[in-house]
Amino acid sequence: MSKAKVAIILTVLVDVIGIGIVIPSLPFYVLDFGVGAATITTLFAVFSLCSFFSTPVLGVLSDRYGRRPILIASIFSTALGWLMFALAPSIIWLFIGRIIDGLAAGNISTAHSVITDLSVDDKDRTHNLGVLGAVFGIGFIIGPAIGGLLGSAHPHAPFWFVTILATLNLLFVYFFLPETNKHLADKFGLVWWQQIHPLRPVIAAAKNKILRPLYSVWFLFSLALATQQSVMALYLLQIFNVGIAGTGWLMAGVGVGIALNQGVGLKHFWLKKFAEPDLQLWLLLVMFIAFIFLSLPAGIYFIVGMILNIICQSVLRVVMTSQMVGAAPLNGRGEVIGVLNSIMSLGMVAGPLIAGALFNIKPALPFWLAAGFMFLAFITVLCQRKKISLVPTVETPETNMIMD
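Residues numbered from 1 in each chain as written. Predicted model: local features only at pLDDT ≥ 70, side-chain atom pairs only at ≥ 80, totals over all residues. Heavy atoms only, no water.

Chemist: How should I be thinking about the overall build of the chain in this particular structure?
Modeler: Secondary structure assignment for the chain yields 17 helices and zero strands. Computed over the C-alpha atoms, the radius of gyration of the chain is 20 Å, within 12% of the 22 Å expected from 2.2 N^0.38 for a compact globule of 404 residues. Seen through its C-alpha atoms, the chain measures out along the principal axes to roughly 60 × 45 × 40 Å. Looking at the chain as a whole, 53% of its 404 residues are labelled buried. Partitioning the contacts of the chain with sequence separation of at least 6, the portion at a separation of at least 24 is 85%. When the accessible surface of the chain is split by element, carbon and sulfur atoms take 72% of a total near 17100 Å². (Helix = DSSP H or I, 4+ residues; strand = E, 2+ residues; numbered from the N terminus. Rg over C-alpha atoms; globule rule 2.2 N^0.38 Å. Buried < 20%, exposed > 50% of the residue type's maximum accessible area, 1.4 Å probe, protein only. Contact = heavy atoms within 4.5 Å. Areas by Shrake-Rupley, 256 points an atom, 1.4 Å probe, with all protein chains shown as cover.)

Chemist: I keep staring at helix α3 (residues 37–65) and nothing clicks. Help me out?
Modeler: Note on helix geometry: an α-helix contains 3.6 residues per turn, so any two residues three or four positions apart are oriented the same way. Over its 29 residues, α3 extends 41 Å from the first C-alpha to the last, a length consistent with the 42 Å expected when each residue adds 1.5 Å. For α3, the principal kink sits at Phe52 and spans about 35°; a proline, Pro56, occurs within the next four residues. Immediately downstream of α3, the backbone of Gly66 shows phi near 115°, a positive value. (Expected span 1.5 Å × (residues − 1). Bend = angle between axes of the 7 residues up to and from the residue.)

Chemist: Is there a simple way to think about the nonpolar core in this case?
Modeler: As a rule of thumb, soluble globular proteins bury nonpolar side chains together. Ranked by size, the top nonpolar core spans 95 residues in total, and within it Ile8, Tyr215 and Phe291 carry the most contacts. In terms of residue count, helix α11 (residues 212–240) provides more of this core than any other element does, 15 residues in total. Filtering out sequence-adjacent residues up to four positions away, Tyr215 remains in contact with Ala205, Met324, Val336, Val339, Leu340 and Ile343. (Core = buried A, V, L, I, M, F, W, Y, C linked by side-chain atoms within 4.5 Å.)

Chemist: Sorry if this is basic, but what is going on with the pattern of salt bridges here?
Modeler: Counting across every chain of the model gives four salt bridges. One salt bridge connects Asp63 with Arg67, and the closest N-O pair in it is separated by 2.9 Å. Neither Asp63 nor Arg67 differs from the other in exposure class; each is buried. Across the pair Asp278 and Arg385 runs a salt bridge, and its minimum N-O distance is 2.9 Å. Here the residue Asp278 occupies a position in helix α13 (residues 276–294), and Arg385 occupies one in helix α16 (residues 365–389), the gap between them amounting to 107 residues. Through salt bridges that share partners, Asp63, Arg67 and Asp117 make up one connected network. (Salt bridge = Lys/Arg side-chain N within 4 Å of Asp/Glu carboxyl O.)

Here is the structure:
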């Protein structure tokens, strides 16, 4: 494994550990400011709204100027954002912290661009993305466990810890991560203001007839995940009386499942036994079933739903990302990954806002809605496959790209 690959894997691991630390603590920390579920989910949505605009721009800039400077700037914003949380005397400071982090939210998207730069072919790219996914899982094993312990000791402790962790990560990237983008693009002659226009990549993506159906499915997938994740801690507390420590250990268990499935299962089972388009189609349907199980107020159904959810989302993230990145030109992959993260962010805006309102009506409603999103995604992919099957099988670059 190259030094650059080791460096980016360690960078992502530290970043995800930080995210994992605050996930079990954040809802309870915000509740101490005297606000309700709707405010908590709005806090999630504010970050996602900012990253919706920032990640495509950061992707374009990483194609033009390199991955390394963008990653350094993004990690700096993360450290500063969590510092605002640690120092917060009022709820407005929490929103300021999430806005600061969201306006340069390129940590993960740029890391994905780095790992695709280091890939030699399509199979290697999918495998490398799976490795990053496994790193996510490991981060969510370590992070929530630490976060649960720190949050139980003192409400501010997790946020001070992640501030220090992000600062150390910044220093590590600065000194050890080399530039990996060997295909710096001029972005087709765009002037500076066009390069930083937040909607230009999104508009271009909407006009891309080849990738547009995949982008639509990715958006529905993002909505479903955001809807579930934003109320999970509250759902566990209200339905199963699981507190901050228990939520942390559950998230650690999720991390174990993701790490095993993406680090071992993806390469040695899923990609060996199934074609990627088939995985995408049928796992969307299984994930629909998983959300139905999660909505049922019984422990056994919840456990089955979580297992199915872990399997499906961990494979779908890698497969869908790899397919879309593979269809992009070498000097435009950062932009495509930025658009994917922007779409994910849009889902993270809409999902929590809807979920918070629905949770106040009935705790199971957000999971029913997530199930509906996944069923719609399944129907979209099914219809697209039927449409493609009607196209004459003429060997052209465009049809090959569509089939991929």
